[in-house]
Amino acid sequence: MEANLQNRITGYWTRRAGAFSAQRRRELAGEKHDQWLAALHRYLPAQGGLRILDLGTGSGFFAMLLAAEGNTVTGIDLTPAMIEEARRTAAALGIPAEFAVMDAVHPDFAPGSFDALVTRNLTWTLPDLPGAYRSWHRLLKPTGILVNFDADYCREASPAALPANHAHKGIAPALWAEYEGLKSTLRPGQKPRPDWDRELLQQAGFSHIRVDTGIWREIYTKQDKFYNPTPIFAISARA
């Protein structure tokens with residue numbers, strides 16, 4: 001069941017890779033660049049010098065933001081098409097981030113490899129979130145930090161019609177149906193978030209857990225083409 005679900009998720013993101021990457025490039029070139037960077041700087045120093053893993057990097061948005069600041073960044077994603085997009089964009093922009101196709105639940109790195117782990121809109125898709133948090137705890141150096149931006153997407157109501165400005169406005173009906181189907185499949189295995197995340201992080205050995213449920217108001221300040229009405233939270237935790 002889990003393997004089949006993983007294949008469905010990878011297939012969904014493969015079909016979205018081109019349009020998704022174009023949207024992230026527009027974010028990199030606009031005001032979202034600074035808004036997301038400000039959100040990351042709440043948890044990570046701005047002077048660079050960290051070894052960072054971007055989990056579920058997609059087309060590499062976080063990886064490129066942080067590598068451009070002088071950090072050593074690796075972005076991993078299970079979808080090869082996304083990694084191809086990330087490499088293409090990084091090369092075009094001259095940003096020295098590295099990318100690899102890899103399962104974010106069980107990343108193939110030695111324990112204690114990273115100062116920081118970052119991720120955006122990944123954890124709602126993971127069939128084994130408890131296992132992911134345990135794996136990520138092992139990857140961090142002592143006092144290293146995990147920063148996770150996500151939302152309780154599996155419990156969001158499906159709108160009858162999308163507003164004129166919405167990040168998902170251009171998704172084809174068949175892809176939208178698959179998105180809703182994935183949420184329905186994943187929902188029974190998840191508890192309400194981010195309370196569930198706090199519980200799982202504690203069980204995995206993390207400490208100094210902080211949750212910010214208002215971060216979405218600072219990033220999505222207006223209903224433009226990047227707008228996401230589902231409230232995103234930020235959760236950080238120390239190894």
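In the block above lies the structure referred to throughout.
A few points on the structure.

Conventions and cut-offs
- Residues numbered from 1 in each chain as written.
- Predicted model: local features only at pLDDT ≥ 70, side-chain atom pairs only at ≥ 80, totals over all residues.
- Heavy atoms only, no water.
- Helix = DSSP H or I, 4+ residues; strand = E, 2+ residues; numbered from the N terminus.
- Rg over C-alpha atoms; globule rule 2.2 N^0.38 Å.
- Buried < 20%, exposed > 50% of the residue type's maximum accessible area, 1.4 Å probe, protein only.
- Areas by Shrake-Rupley, 256 points an atom, 1.4 Å probe, with all protein chains shown as cover.
- Lys, Arg positive; Asp, Glu negative; His and termini not counted.
- Charge placed at Lys NZ, Arg CZ, Asp CG, Glu CD.
- Phe/Tyr/Trp six-rings, centres within 6.5 Å; stacked < 30°, edge-to-face > 60°.
- Lys NZ or Arg CZ within 6 Å of the ring centre and 35° of its normal.
- Salt bridge = Lys/Arg side-chain N within 4 Å of Asp/Glu carboxyl O.
- Expected span 1.5 Å × (residues − 1).
- Contact = heavy atoms within 4.5 Å.
- Polar contact = N/O pair within 3.5 Å; in protein donor to acceptor, adjacent residues only side chain to side chain.
- Pairing = 2+ DSSP bridges.
- Axes fitted to C-alpha atoms, helices over the stretch in contact; angles between N-to-C directions.
- Right-handed = clockwise from strand over helix to strand, strands pointing away.

Here we look at the overall build of the protein
At step 1: Check the secondary structure of the protein and you find eight helices and seven strands.
At step 2: Against the 2.2 N^0.38 benchmark of 18 Å for 239 residues, the protein shows a C-alpha radius of gyration of 17 Å, consistent with a compact globule.
At step 3: Dimensions of the protein along its principal axes, counting C-alpha atoms only, are 45 × 40 × 35 Å.
At step 4: Across the 239 residues of the protein, 55% fall into the buried class.
At step 5: A total of about 10,400 Å² of accessible surface is found on the protein, and carbon and sulfur atoms cover 53% of it.
At step 6: Measuring between centres, the 27 positive side-chain charges of the protein sit 2 Å from its 25 negative side-chain charges.

Brief notes about the packing of aromatic side chains
At step 1: Enumeration according to the criterion identifies 13 aromatic pairs in this entry.
At step 2: Ring centres of Trp36 and Phe62 lie 5.4 Å apart, and the angle between their planes is 70°; this geometry places the pair in the edge-to-face category. With Trp36 in helix 2 (residues 31-41) and Phe62 in helix 3 (residues 61-67), this pair connects stretches of sequence that are 26 residues apart.
At step 3: Owing to a relative accessible area of 0%, Trp36 belongs among the buried residues under this scheme.
At step 4: Positioned over the ring face of Phe20 is Arg24, at 4.5 Å from the centre of the ring.
At step 5: Against the face of Phe114 rests Arg51, its NZ or CZ located 4.6 Å from the ring centre.

Examining the pattern of salt bridges
At step 1: Within this structure, the stated rule accounts for 14 salt bridges.
At step 2: With a closest N to O distance of 2.8 Å, Arg24 and Glu27 form a salt bridge. Linking Arg24 with Glu27, this pair stays in helix 1 (residues 2-29), spanning three residues, or about one helical turn.
At step 3: Glu156 is paired through a salt bridge with Lys183; the nearest N and O atoms lie 3.0 Å apart. Pair noted here: Glu156 is in the loop between strand 5 (140-150) and helix 6 (173-186) and Lys183 is in helix 6, with a separation of 27 residues, a long-range link. Exposure class is identical for Glu156 and Lys183. Each is buried.
At step 4: When salt bridges with common partners are traced through the structure, they connect Arg24, Glu27 and Arg120 into a single cluster.

Details of helix 6
At step 1: With 14 residues, helix 6 should cover 20 Å at 1.5 Å per step; its first-to-last C-alpha distance of 20 Å lies within 8% of that length.
At step 2: Buried within helix 6 are the following residues: Leu175, Trp176, Glu178, Tyr179, Glu180, Leu182, Lys183 and Leu186.

Brief notes about helix 5 (residues 129-139)
At step 1: Among the residues making up helix 5, those that are buried are Leu129, Gly131, Ala132, Tyr133, Ser135, Trp136 and Leu139.
At step 2: On its buried face, helix 5 is in contact with strand 1 (51-55), strand 4 (114-120), strand 5 and helix 7 (195-204).
At step 3: For helix 5, the side-chain oxygen to backbone nitrogen distance between the N-cap and Gly131 is 3.0 Å, and the N-cap itself is Asp128.

Concerning the side chain of Glu156
At step 1: Owing to a relative accessible area of 18%, Glu156 belongs among the buried residues under this scheme.
At step 2: In this structure the side chain of Glu156 is engaged in a polar contact, spanning 2.3 Å, whose partner is the side chain of Tyr179.
At step 3: One polar contact links Glu156 to Thr230, side chain to side chain, over a distance of 2.3 Å.
At step 4: Residue contacts for Glu156: discarding those within four places in its chain leaves Tyr179, Lys183 and Thr230.

Some details on the environment of Asp108
At step 1: Among the structural elements, Asp108 can be located in the loop between strand 3 (98-101) and strand 4.
At step 2: In the structure, Asp108 is positioned 32 residues away from Leu140 in sequence and 13 Å away in space, judged by C-alpha atoms.

A closer look at the sheet that holds strand 1
At step 1: One open sheet accounts for seven strands, arranged 3-2-1-4-5-7-6; its pairing is mixed. What marks the edges here is a single partner per strand, and that holds for strand 3 and strand 6 (207-212). This sheet shows a mean twist of 15° between the axes of neighbouring strands, independent of strand direction.
At step 2: Inspection of the sheet shows strand 2 (residues 72-77) paired to strand 3 by four bridges, in the parallel sense. Each bridged residue has a counterpart across the sheet, and for Asp77 the counterpart in strand 3 is Val101.

Topic: the pairing of strand 4
At step 1: Burial analysis of strand 4 places six of its seven residues in the buried class, which makes it a mostly covered element.
At step 2: Bridging between strand 1 and strand 4 involves four bridges; their strand directions are parallel. Paired with Leu55 across the strands is Thr119, a residue of strand 4.
At step 3: Where the polypeptide runs from strand 4 across helix 5 and back to strand 5, its parallel neighbour, the crossover connection is right-handed.

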